[in-house]
Amino acid sequence: DESINIKITNSELAYFADEGIHIQSPTSEYAVEGYHPDALKSDGLVIDNNSIHDIGIITVGVDTSGIRLCNTVDSQITHNEVYNSNRCAMRFDDCMMLDIAYNYFHHCMLTSADGGVLYSFRTLTFRDNNVRYNLFTDIPNRTGVQYALYNDGAHAWNVYGNIFYDAASVNVVLNGGRDNVVYDNICIRANGKSTFYLYN
């Protein structure tokens, strides 16, 4: 909580019961109650050039993910490989100025169809975030509802330059939200319902 200028780099992080990395701020709606309302948001996080794998080996709950960020500002998630996750590779709640770029996501959503490889939860303050130049591949499609990128009502995502190859039932889902822009992505062998979904 309230972490400033943290850098996690050049590491292998593996075999987690539920979550790999969890960074949040006291003002997050998911934080423990009782923090001072003026507490700082976690700021300046860099997660770069890591291998993060085998996540959720005991539990597969709603929070199972390789990386989970809550209420952070100006985070960079770049050049990571995230794989063998029973649910999400990365989950984000109430974050601003995220840059998720040049990552390799594969073999995620292995035992759960609730959410997506990248899963952003709904909030009005989720703004100015980029998902760009990532590779999504080898996502199973057993139930027909797995998603590669699931924007669950968050706002102001720019999703561009990504490659979705043999990736999930639906590559990109926008479930409500405002000011989201999706362009210049490459979708090959979408193996289920469709390439893009718009809900609500």
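Preceding this section is the structure that the text describes.
As the structure is a prediction and not an experimental result, all values here were calculated from the model.

Peer 1: I keep staring at the pairing of strand 9 (residues 81–85) and nothing clicks. Help me out?
Peer 2: Every regular strand shows the same layout, with side chains that alternate between the two sheet faces. Across four bridges, the pairing between strand 6 (residues 51–55) and strand 9 is parallel. Each residue of the ladder has a partner; that of I52, found in strand 9, is V82. Inspection of the sheet shows strand 9 paired to strand 12 (residues 104–106) by three bridges, in the parallel sense. Bridging from a neighbouring strand, Y83 pairs with H106 of strand 12.

Peer 1: Just checking my understanding: could you explain the side chain of R132 for this structure?
Peer 2: Looking at the secondary structure, you find R132 in strand 14 (residues 129–132). Side-chain polar atoms of R132 contact the side chain of D99, separated by 2.8 Å. The residues contacting R132, other than those within four sequence positions of it, are D99, I100, A101, Y102, Y160 and N162.

Peer 1: Where do I start with the packing of aromatic side chains in this structure?
Peer 2: The description of an aromatic ring pair uses the distance of the two centres, along with the angle that the planes make with each other. Scanning the model with the defined rule gives seven aromatic pairs in all. Summarising the aromatic geometry, the rings of Y147 and Y150 are spaced 5.0 Å apart at their centres and angled 65° between planes, so their arrangement reads as edge-to-face. You'll find Y147 and Y150 in the same group, each marked buried.

Parameters and conventions
Residues numbered from 1 in each chain as written. Predicted model: local features only at pLDDT ≥ 70, side-chain atom pairs only at ≥ 80, totals over all residues. Heavy atoms only, no water. Pairing = 2+ DSSP bridges. Helix = DSSP H or I, 4+ residues; strand = E, 2+ residues; numbered from the N terminus. Polar contact = N/O pair within 3.5 Å; in protein donor to acceptor, adjacent residues only side chain to side chain. Contact = heavy atoms within 4.5 Å. Phe/Tyr/Trp six-rings, centres within 6.5 Å; stacked < 30°, edge-to-face > 60°. Buried < 20%, exposed > 50% of the residue type's maximum accessible area, 1.4 Å probe, protein only.

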